Amino acid sequence: SLNKLTYMKFKLLTSLLLVVLLNTTSFAQNFEKGDKALGFGIGFGTNYYGSQAIPPISVSFDLGIHEKISVGAIFGFGTNTYSYSSLYKWRYTHILFGARGNYHWGKHISALPEKLDLYAGAFLGFDVVKVDYDGYTGIDGEDYGGLILGGQVGARWYFSDKFAAFVEGGVGLSAARLGVTLRL
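This is a predicted model, so every value here is computed, not measured. (Residues numbered from 1 in each chain as written. Predicted model: local features only at pLDDT ≥ 70, side-chain atom pairs only at ≥ 80, totals over all residues. Heavy atoms only, no water.)

*Asks:* Looking at this structure, how should I read the pairing of strand S4 (residues 88-103)?
*Replies:* Along any regular strand the residues' side chains alternate between the sheet's two faces. Examined bridge by bridge, strand S3 (residues 69-84) and S4 share 16 bridges and lie antiparallel to one another. Paired with Gly-78 across the bridge in S4 is His-94. (Pairing = 2+ DSSP bridges. Helix = DSSP H or I, 4+ residues; strand = E, 2+ residues; numbered from the N terminus.)

*Asks:* Teacher, can you tell me more about the packing of aromatic side chains here?
*Replies:* Aromatic rings considered in pairs are described by the distance between their centres and by the relative angle of their planes. As enumerated under the stated definition, the model contains two aromatic pairs in all. Taking 6.2 Å as the distance between ring centres and 40° as the angle between the ring planes, the aromatic pair formed by Phe-97 and Phe-126 counts as tilted. Separated by 29 residues along the polypeptide, Phe-97 in strand S4 and Phe-126 in strand S5 (residues 116-135) bring together distant segments of the chain. Residue placement shows Arg-183 over the ring face of Tyr-158; its charged tip is 4.1 Å from the ring centre. (Phe/Tyr/Trp six-rings, centres within 6.5 Å; stacked < 30°, edge-to-face > 60°. Lys NZ or Arg CZ within 6 Å of the ring centre and 35° of its normal.)

*Asks:* Would you take a moment to explain the side chain of Ser-58 for this structure?
*Replies:* Turning to its location among the elements, Ser-58 is positioned in strand S2 (residues 51-66). When its relative accessible area of 10% is taken as the criterion, Ser-58 is described as buried. Here the side chain of Ser-58 touches Arg-177 through a polar contact of 2.4 Å, side chain to side chain. Contacts of Ser-58, omitting those with residues within four sequence positions, involve Gly-39, Phe-40, Gly-41, Ile-74, Phe-75, Gly-76 and Arg-177. (Buried < 20%, exposed > 50% of the residue type's maximum accessible area, 1.4 Å probe, protein only. Polar contact = N/O pair within 3.5 Å; in protein donor to acceptor, adjacent residues only side chain to side chain. Contact = heavy atoms within 4.5 Å.)

So, in structure tokens, the structure goes:
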């Protein structure tokens, strides 16, 4: 099934990312005050009913406002589908945008490498959903939107002062995100 295939892809990508991360050396510093980070991610595992038709893609921005605190924004897009027999099929297109804040707690653990940035935080955003219905009743789906409040946990591994890979879990269009971060 599609969910098992998505989960297997997620496990493979996560395993490869960990191998690369654990075998790379660099001299990058952890996330700090004044840092600006632009992230590009792809989501795995749906947080919505049905299955993913188009994996969620996202862009995020984080600004370090304190040695251990960042604030920022996130924008995402994705679709999921749900069908009941061959007679009813719904397609949901999600556009998510919002604000986020993170506490970078990895600095509290001196045994961790400096190139590893561990963080957890809160998210407040809005999910705009376009609904398309294809069924024999002829009834159209109704578009909707809603406020989303939640949190995320994540890790960035800096390969250099300007480039990192990340994994993040929590609220949003998917249960987990993998991607790259560019420090501006």
